[in-house]
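Next come the chains, spelled out residue by residue.
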Amino acid sequence: MLELNNINTFYGKVQSLWDVSLQINEGEIVALVGGNGAGKSTLLNTICRLILPASGSVTFLGRKTDGLSPHAIVELGISHVPESGRVFPELTVLENLEMGAFLSHAWKVKNETIKQVYELFPRLQERERQLARTLSGGERQMLAMGRGLMSRPKLCMFDEPSYGLAPNLVLEVFRIVRLLRDQGITILLVEQNVRHTLEVADRAYVLENGRMVLEGACCELAASDYVRKAYLGL
Amino acid sequence: MNRVALTSKKFLLPGLMIIALILLVTSPSYISAYKVMLLTSILMYIVVSVSWAIFSGPTGYISLASAAFFGVGIYTAAILGRILPLTYVIIIGGLVSVVLALIVGVITLRLKGMYFAIFTFGLVELLKHFLLWWEINITGTRGRFVISVHSETVFYVMIIIFVAVLLTAYLIKHSKYGLALQSIGEYEEAAEHIGINVTMVKIATFAISSFFIGSAGAIIATRWTYVDPYIAFNPIFSFMPVLMSIFGGLGQLFGPVLGAAFFAYLEESLITKFPYHYMLIFGIILVVAILYLPDGLIGLAKKWKKGSLSSGLVELLQKRQKGRKEV
């Protein structure tokens, strides 16, 4: 479904991604794990073309995304829920969700999509008329995820959705990720919570200092000595 | 009972607006010619302020290009006024502004904050001095005469532009583009993330809003009869809409309307009563307004509606002090 080939990305003169390749098949949950500064968010931003790669190619559903602008990527069916949510603080919960459906095809069915989002996150319906800035951290993350679903994506990229959440909410986030996959949405999950991520995902990539160092099925990775030592503290 | 109250409230505002509009349209028959001219200039300031607020209000991009659009409209009237009928002149004045706004938009809307404000202000000076150079070296004049039009005609044209700009502002605000503009103002990067075509939305809105400023310039020029680049590109038309809108309150459509009406009237009455000190008094009123009315006149009206005005003011002061401590 999504294929990255030998991506090199720079910030000015500093290279932050080195020859990164990645592949996601339809219906999978693929995890991307790695420490701070490994380049995980840079990789997501490269996919949705907020940052342009110096070389390498991104192919989505058999189509190269060269030359497309960020909104065209959303239009193709990739939704990106950025780190720490980034909801619009002075808009209401409902308005935030509506903005997620800004694209014309999603706008037509937005009321239906909002209903589905409320089924996933009943809490948001209770807070429908509240300004987003009055929400708790967990509610904001849910709003961000809900907003990401409003464009009716085929592939959803979550950037550290469990970051800073209470343990029970972390479990809730992972439950919802799995639920979304069951509804037919392919998922790229960027996480630092390696233990839970490897339980939920099908396959995982490990990114370190801008280079892919490991990839494989999650059960294999969870069993590998390297991952156990470096990421699971075992 | 409740429903009756609700529906009557729903029709109250549009009803009042229609009555106000009828009073405005028929006013030349019952007020003096001077007052009609005063109303015209109040309407002109409202048009420029509301146009400015359509784009800059929700996005927070402070545009100082209003004087450029206004001046372009004025020069359109000066150049084409003799050869084309008034309607065309006004529409062309607006369209030339739109073209200018599109060019400026493409070049500058990736600039943020202060840089955008400075660039747009630079545009006013650039156009002014370019025109000055052109007039002196190429056409060999300094100013131009504008065909004058009956002051009542100017008044009615201004009313039409006024209604058009209010309608446009209302429609944009209540469409998905209004929300999109607001999300751009709050978190431009996130707006881009979720698929809003940020650049397109910004440039289109900027261009649409400039149309009204240009056409207002084109019609008001006929009242001034003589223009030169210094008159046409007077930076006061860049700053006034900003001040008026902030004074009135940016969050609501009526904020810039109220602010512009209040300021335009104040300016006129101060000029006639205190011709030497009016700028001083004007300045003091502005400083007080910015210090104590953070949400403008509209904010004050809301506070007053909620409780008594005095308690509203006390609350405002407390809020300010609290804000200071937090800083």
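Everything numeric here is computed off the predicted structure, so don't read it as measured data. (Residues numbered from 1 in each chain as written. Chains lettered and ligands numbered in written order. Predicted model: local features only at pLDDT ≥ 70, side-chain atom pairs only at ≥ 80, totals over all residues. Heavy atoms only, no water.)

1. Looking at the overall build of chain A
Piece 1. When helices and strands are tallied, chain A shows 11 helices and 10 strands.
Piece 2. Its C-alpha atoms give chain A a radius of gyration of 17 Å, within 12% of the compact-globule value 17 Å for 234 residues.
Piece 3. C-alpha extents for chain A along the principal axes are approximately 45 × 45 × 30 Å.
Piece 4. Of all 234 residues assigned to chain A, the portion counted as buried reaches 55%.
Piece 5. Sequence-distant contacts, at least 24 apart, represent 67% of the contacts inside chain A between residues at least 6 apart.
Piece 6. Split by element, the accessible area of chain A, about 10200 Å² in all, is 48% carbon and sulfur.
Piece 7. Across chain A, 25 positive and 26 negative side-chain charges occur, with their mean positions spaced 3 Å apart. (Helix = DSSP H or I, 4+ residues; strand = E, 2+ residues; numbered from the N terminus. Rg over C-alpha atoms; globule rule 2.2 N^0.38 Å. Buried < 20%, exposed > 50% of the residue type's maximum accessible area, 1.4 Å probe, protein only. Contact = heavy atoms within 4.5 Å. Areas by Shrake-Rupley, 256 points an atom, 1.4 Å probe, with all protein chains shown as cover. Lys, Arg positive; Asp, Glu negative; His and termini not counted. Charge placed at Lys NZ, Arg CZ, Asp CG, Glu CD.)

2. Structural notes on the sheet that holds strand E2 (residues 14-24) of chain A
Residue and element names in this part refer to chain A.
Piece 1. An order of E2-E1-E4-E5 is seen for the 4 strands of this open sheet, with the pairing classed as antiparallel. The sheet is open, and its two borders are formed by E2 and strand E5 (63-64), each paired with just one other strand.
Piece 2. Inspection of the sheet shows strand E1 (residues 2-11) paired to E2 by 7 bridges, in the antiparallel sense. By the bridge assignment for E2, tyrosine 11 is matched with valine 14.
Piece 3. Helix H1 (residues 40-47) contacts E1 and E2 of the sheet and is inclined by roughly 115° relative to E1. (Pairing = 2+ DSSP bridges. Axes fitted to C-alpha atoms, helices over the stretch in contact; angles between N-to-C directions.)

3. Quick word on the sheet that holds strand E10 (residues 211-217) of chain A
All names here are of chain A.
Piece 1. Judged by pairing direction, the sheet is mixed, and its 6 strands sit side by side in the order E6-E7-E8-E3-E9-E10 without closing on themselves. Each end of this open sheet is capped by a strand with a single partner; those strands are strand E6 (78-81) and E10. Ignoring which end each strand starts from, the neighbouring axes of this sheet average 15° apart.
Piece 2. Pairing analysis gives 5 bridges linking strand E7 (residues 155-159) to strand E8 (residues 186-191), with the strands arranged parallel. Residue pairing in the sheet places cysteine 156 in a bridge with isoleucine 187 of E8.
Piece 3. In the packing of helix H7 (residues 137-149) onto the sheet, contacts are made with E6 and E7, and the angle to E6 comes to roughly 165°.

4. Points about empty space enclosed by the protein
All names here are of chain B.
Piece 1. All chains considered together, the criterion is met by 3 cavities of 30 Å³ or more.
Piece 2. Approximately 60 Å³ is the volume found for the largest cavity.
Piece 3. Ser51, Trp52, Phe55, Ser56, Ser63, Ala65, Ser66, Phe69, Phe206, Ser209 and Ile213 together form the lining of the largest cavity.
Piece 4. Taken together, the elements giving at least two residues each to the lining of the largest cavity come down to helix H2 (33-59), helix H3 (66-80) and helix H9 (198-224). (1 Å grid on protein atoms, 1.4 Å probe; cavity = no way out; pocket = protein on both sides within 12 Å on 5 of 7 lines; lining within 4 Å. Points joined across faces, edges and corners; volume = space filled by probe spheres on them.)

5. Structural notes on the domain arrangement of chain B
Residues and elements named next belong to chain B.
Piece 1. For chain B, the domain assignment lists domain 1 (34-261) and domain 2 (293-327).
Piece 2. With centres defined by C-alpha atoms, the gap from domain 1 to domain 2 works out at 31 Å.
Piece 3. The interface of domain 1 with domain 2 comprises 9 residues on the first partner and 6 residues on the second.
Piece 4. Carbon and sulfur atoms supply 72% of the area that domain 1 and domain 2 bury against each other, a total of about 510 Å² over both sides. (Domains from an automatic or database assignment. Buried area = accessible area lost by both parts, 1.4 Å probe.)

6. Here we look at the layout of surface pockets
To find leftover empty space, one rolls a probe the size of a water molecule over the atoms.
Residues and elements named next belong to chain B.
Piece 1. Estimated volume of the largest pocket: approximately 1700 Å³.
Piece 2. Forming the walls of the largest pocket are 37 residues, and the residues nearest its centre are Leu13, Leu16, Met17, Phe254 and Val257.
Piece 3. Listed by contribution, the elements that provide at least two residues to the lining of the largest pocket are helix H1 (2-26), H2, helix H6 (151-173), helix H12 (254-273) and helix H14 (296-306).
Piece 4. By residue number, the principal contributor to the lining of the largest pocket is H1, which donates 12 residues.
Piece 5. Residue classes in the lining of the largest pocket are distributed as 28 nonpolar, 4 polar and 5 charged.
Piece 6. Looking at which domains feed residues into the lining of the largest pocket, each of domain 1 (34-261) and domain 2 (293-327) gives three or more. (Nonpolar A, V, L, I, M, F, W, Y, C, P; charged D, E, K, R; others polar.)

7. Describing the pattern of salt bridges
Piece 1. Under the counting rule described, the total for this entry stands at 15 salt bridges over all chains.
Piece 2. In this structure, A:Arg181 engages A:Asp202 in a salt bridge whose closest nitrogen and oxygen atoms are separated by 2.8 Å. Of this pair, A:Arg181 sits in helix H8 (residues 167-182) while A:Asp202 sits in the loop between helix H9 (194-200) and strand E9 (203-208); the two residues are 21 residues apart in sequence, bridging distant segments of the chain.
Piece 3. Across the salt bridge formed by B:Lys202 and B:Glu188, the nearest N and O atoms sit 2.8 Å from each other. (Salt bridge = Lys/Arg side-chain N within 4 Å of Asp/Glu carboxyl O.)

8. A look at the packing of aromatic side chains
Piece 1. Applying the stated criterion to the full structure yields 21 aromatic pairs over all chains.
Piece 2. Here a set of aromatic residues connected by ring pairs shows up, and it is made of B:Phe55, B:Tyr61, B:Phe69, B:Phe116 and B:Phe206.
Piece 3. Seen from the ring of A:Phe102, B:Lys176 lies directly overhead, with NZ or CZ sitting 4.7 Å from the centre. (Phe/Tyr/Trp six-rings, centres within 6.5 Å; stacked < 30°, edge-to-face > 60°. Lys NZ or Arg CZ within 6 Å of the ring centre and 35° of its normal.)

9. Quick notes on the environment of B:Phe162
Residues and elements named next belong to chain B.
Piece 1. Residue position: phenylalanine 162 is located in helix H6.
Piece 2. The sequence separation of phenylalanine 162 and tyrosine 30 amounts to 132 residues, and the corresponding C-alpha distance is 21 Å.
Piece 3. Phenylalanine 162 has contacts with Leu24, Leu43, Ile46 and Val47, leaving out every residue within four places of it along the chain.

10. Focus: the interface of chain A and chain B
Piece 1. Between chain A and chain B, the residue contacts involve 23 residues of the former and 18 residues of the latter.
Piece 2. Summed over both partners, the interface of chain A with chain B buries about 2000 Å², with 69% contributed by carbon and sulfur atoms.
Piece 3. Of all residues in chain A, the largest losses of buried area upon contact with chain B belong to A:Arg86, A:Phe88 and A:Phe102, amounting jointly to 34% of the total for that side.
Piece 4. Salt-bridge contacts for B:Glu189 lead to A:Arg86; the nearest nitrogen and oxygen are separated by 2.9 Å.
Piece 5. At the boundary of chain A and chain B, one finds 6 residue pairs in polar contact (both at pLDDT 80 or more).
Piece 6. Contributions of two or more residues to the side of chain A that touches chain B are made by helix H2 (70-76), helix H3 (93-100) and helix H4 (104-108) of chain A.
Piece 7. The element contributing the most residues to the side of chain A that touches chain B is H3(A), with 4 residues.
Piece 8. Tallied by class, the residues present in the side of chain A that touches chain B amount to 13 nonpolar, 5 polar and 5 charged. (Polar contact = N/O pair within 3.5 Å; in protein donor to acceptor, adjacent residues only side chain to side chain.)

11. Observations regarding the packing of H12(B) against helix H13 (residues 278-292) of chain B
Residue and element names in this part refer to chain B.
Piece 1. At their nearest, the axes of H12 and H13 sit 9 Å apart, and the two run at 150° to each other. Read as a crossing pair, H12 and H13 show a hand that is right-handed. Residue-level contacts link Phe263, Leu266, Glu267, Leu270 and Ile271 of H12 to Tyr278, Ile281, Phe282, Ile285 and Leu286 of H13.
Piece 2. Classifying every residue of the contact of H12 with H13 by side-chain character gives 9 nonpolar, no polar and 1 charged. (Left-handed = near helix turned anticlockwise from the far one by under 90°.)

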